[in-house]
Amino acid sequence: MATAALIVAAGRGSRAQPSASDATQTAGPKQYARIKGRTVLGHAIEAFTSHPSVDQVLVVVHGADLDAYEAVTEDGASEKLLPPVEGGATRQQSVRAGLEALAQAQAPDTVLIHDAARPFVSSDVIDRVVRALTHHTGAIAGVALADTLQRTSETGLITETLSREGLWRAQTPQGFAFAAVYDAHRKASDVGQESFTDDATLVAWAGHEVVVVAGSEHNTKLTTKEDLAMAADGTGETRLLPRMGNGYDVHRCDKGDHVWLCGVRVPSSFALSGHSDADVGLHALTDAILGALGDGDIGTHFPPSDTQWKGAASHIFLADAAKRVRTAGGAIGNVDVTLICESPKIQPHRARMCAEVASILDISPDRVSVKATTTEGLGLTGRGEGVAAMATATVFLPEVA
């Protein structure tokens, strides 16, 4: 599946223009300001040309910036980088111009549309959007709202506290099946709909479903001259520190013909007894992540006394722990689960277990380890009375001053 990245860099960025007395920034559009030895646009281009899932990169520029663009790319330009395309008067028109250029060449299967003003997009964020496109027509990076939302009157008085449940801050890249987003842009142009604020809204207007995957607090959009100054001197970067947590769980054997282990239904001569589906692997891993966060344990957030969790699938608990990491502005590094039992045999199911855990946590499978051991006939697991699991998780969280 061929994937193209379309970087929109045709804006004027008036809010980022320096004042006459500001010597810290170069005059001109913000995408050509230099931070950490490279232009904002240069950082964005590098993020996509260096990504293994991206086959070609097209930048949409303003007609007045062609010389500035050439200066950005004259040294070490990637073979993936296509000749630039001149944008339109609005972002929507610029994206459409880029899509037209891709269609006239060799249209890719999927396209990632990214704002040049987000120079710090990570490989992980790009990965998540790309993976989501294997199952969805559209997928965007986003960050769940963590701040309380207040509606105010014209005089600034609080009139209502709004629920932030289910609310996300949309980021880029925003990825789509190429045919779907290209057709949506052409339809919008045909009927004079030119006021969409992002491509996800436009594609949803055209009748397609778009899913949100985890973005990053570091995928910041540089909008004002203060943003540029903070990025340039490093004060805008949050230092991420590693935190480790561990978890342990055990469930008693009961009558049945299967067990749930690390999200996989495994045939067995017994079942496991528990309030939920008794998945010891996911329970231990949930506690490991919560331990790294310093945020209680699985019983704190999903108490056995609450009947709504009776028989619940344990992926709900693990997904909630992962969401807490993202809400805290952090990221999961890697996880490691050890299942302790005499039976069933784990080896035939390990690959599926790793894939399932990776899917729940929204990380790549190479950052998940699942293995098994016995206790040589000793203890409750050795006697076949139960199955246990140990787990370790590495989480990166913003440094708190």
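Provided above is the structure to which this section pertains.
So, here is what we can say about the structure in this document. One numbering rule holds for all chains: residues counted from 1, following each sequence as written. Local features in this predicted model are restricted to residues of pLDDT 70 or higher, and side-chain atom pairs are both shown and tallied only at a pLDDT of 80 or more, whereas totals for entire chains, interfaces and linings draw on every residue. Computation of side-chain values covers all heavy atoms of the structure but excludes hydrogens and water.

Observations concerning the overall build of the protein
Threshold: The helix and strand labels rest on DSSP assignments: H or I over at least four residues marks a helix, E over at least two residues marks a strand, and numbering proceeds from the N terminus. Exposure is judged per residue with a 1.4 Å probe applied to protein chains only, and the accessible area is read against the type maximum: over 50% gives exposed, under 20% gives buried, and values in between give partly exposed. Should any heavy atoms of two residues lie within 4.5 Å, those residues are counted as being in contact. To measure how exposed things are, a 1.4 Å probe is used in the Shrake-Rupley method; for residues, cover is taken only from the protein chains shown.
Of regular secondary structure, the protein possesses 12 helices and 18 strands. Evaluated residue by residue, the protein yields a buried proportion of 45% over its 401 residues. For the protein, the proportion of contacts with a sequence separation of at least 24, taken over those separated by at least 6, is 73%. Accessible surface, the protein as shown: approximately 19300 Å² in total, 50% of it carbon and sulfur.

Remarks on the pattern of salt bridges
This is how it is decided: Here a salt bridge means any side-chain nitrogen of Lys or Arg lying within 4 Å of a carboxyl oxygen belonging to Asp or Glu.
Taken as a whole and judged by the stated rule, the model has 13 salt bridges. With its nearest N and O atoms 3.0 Å apart, the salt bridge here joins E217 to R169. With E217 in the loop between β11 (210-214) and α7 (225-233) and R169 in strand β10 (residues 168-177), the pair connects residues that are 48 residues apart, well separated along the chain. A residue is classified by how much of its surface remains accessible, and R169, at 37% relative accessible area, is partly exposed. Where R383 meets E385, a salt bridge forms, and the shortest distance between an N and an O atom there is 2.8 Å. For R383, a relative accessible area of 54% puts it in the exposed group. Through salt bridges with shared partners, a single ionic network connects R91, D115, D199 and K221.

Topic: the sheet that holds β11
Operational definition: A pair of strands counts as paired when DSSP detects no fewer than two bridges linking them. Where helices are involved, their axes are fitted lines through C-alpha atoms of the stretch in contact, as for all axes, and angles between N-to-C directions lie from 0 to 180°.
Across the sheet, which stays open at both edges, the seven strands sit in the order β5-β4-β1-β6-β10-β7-β11 with mixed pairing between neighbours. One side of each edge strand has no neighbouring strand; the edge strands of this open sheet are β5 (85-86) and β11. When strand β4 (residues 56-61) meets β5, the two strands line up parallel, connected through two bridges. Bridge pairing in β5 links V60 to V85. Of the strands in this sheet, β1 (3-9), β4, β6 (110-115) and β10 are in contact with helix α1 (residues 40-49), which crosses β1 at around 175°.

Things to note about the pairing of strand β8 (residues 149-152)
Bridge count between β8 and strand β9 (residues 158-162): four bridges; the pairing is antiparallel. Paired with R151 across the two strands is E160, which belongs to β9. Taken together, β8 and the strand that follows it, β9, pair antiparallel across an intervening segment of five residues, in which G156 is found at a positive phi of about 95°.

Examining the packing of α1 against helix α2 (residues 66-73)
Heads up, the condition is: Here roughly perpendicular refers to angles of 65 to 115 degrees, roughly parallel to angles under 35, roughly antiparallel to angles over 145, and oblique to all remaining angles. Two helices cross in a left-handed way if the nearer one is turned anticlockwise from the farther one by less than a right angle. They cross in a right-handed way if the turn is clockwise. Charged residues are taken to be Asp, Glu, Lys and Arg, nonpolar residues to be Ala, Val, Leu, Ile, Met, Phe, Trp, Tyr, Cys and Pro, and polar residues to be all remaining types, Gly included.
Running from amino to carboxyl end, α1 crosses α2 at an angle of 55°, the nearest separation of the two axes being 10 Å. Taken as axis vectors, α1 and α2 run oblique relative to one another. The handedness of the crossing between α1 and α2 comes out as right-handed. Residues L41, G42 and I45 of α1 lie in contact with α2, whose contacting residues are Y69, V72 and T73. Partitioning the contact of α1 with α2 into residue classes produces four nonpolar, two polar and no charged.

Examining the pairing of β6
Counting buried positions along β6 gives six out of six residues, so the element sits mostly inside the fold. Here β6 shows a buried face lined by T110, L112 and H114 and a second buried face lined by V111, I113 and D115. Where β1 meets β6, six bridges bridge the pair, whose relative direction is parallel. Looking at the pairing, I7 lines up with H114 of β6.

Thoughts on helix α11 (residues 350-361)
Keep this limit in mind: One less than the residue count of a helix, multiplied by 1.5 Å, gives the span that helix is expected to have. This arc is built from the directions going out from the helix axis to the C-beta atoms.
Counted at 1.5 Å a residue, the expected span for α11 with its 12 residues is 16 Å, and the 17 Å between its end C-alpha atoms agrees. Among the residues making up α11, those that are buried are M353, C354, V357, A358, I360 and L361. Looking straight down α11, one finds its buried side chains confined to an arc of 165°; they lie on one side. Away from its buried face, by an angle of more than 90 degrees, α11 presents the exposed residues A351, R352 and S359. If you follow the buried residues of α11, they end up packed against β13 (258-261), β14 (264-267), α8 (280-293), α10 (315-327), β16 (331-340) and β17 (368-373). Following α11 by one or two positions, D362 adopts a phi angle in the positive range, close to 60°.

Considering the packing of α8 against α10
Viewed as axis vectors pointing N to C, α8 and α10 meet at an angle of 20°, and their least axial separation amounts to 9 Å. It follows that α8 is roughly parallel to α10 by the angle criterion. The hand of the α8/α10 crossing is left-handed. Mapping the contact onto sequence places L282, H283, L285, T286, I289, L290 and L293 in α8 and H315, F317, L318, A321, R324 and V325 in α10. Here the contact of α8 with α10 is built from residues that sort into nine nonpolar, three polar and one charged.

Side note on the nonpolar core
To be explicit about the condition: Take the buried residues of types Ala, Val, Leu, Ile, Met, Phe, Trp, Tyr and Cys, join any two whose side-chain atoms come within 4.5 Å, and each joined set is a nonpolar core.
Counting residues in each nonpolar core, the largest one holds 43 residues, and the members touching the most others are L285, I289, L339 and L361. Those elements that provide at least two residues to this core are β13, β14, α8, α10, β16, α11, β17 and β18 (386-398).

Taken by themselves, the reported measurements are silent on function.
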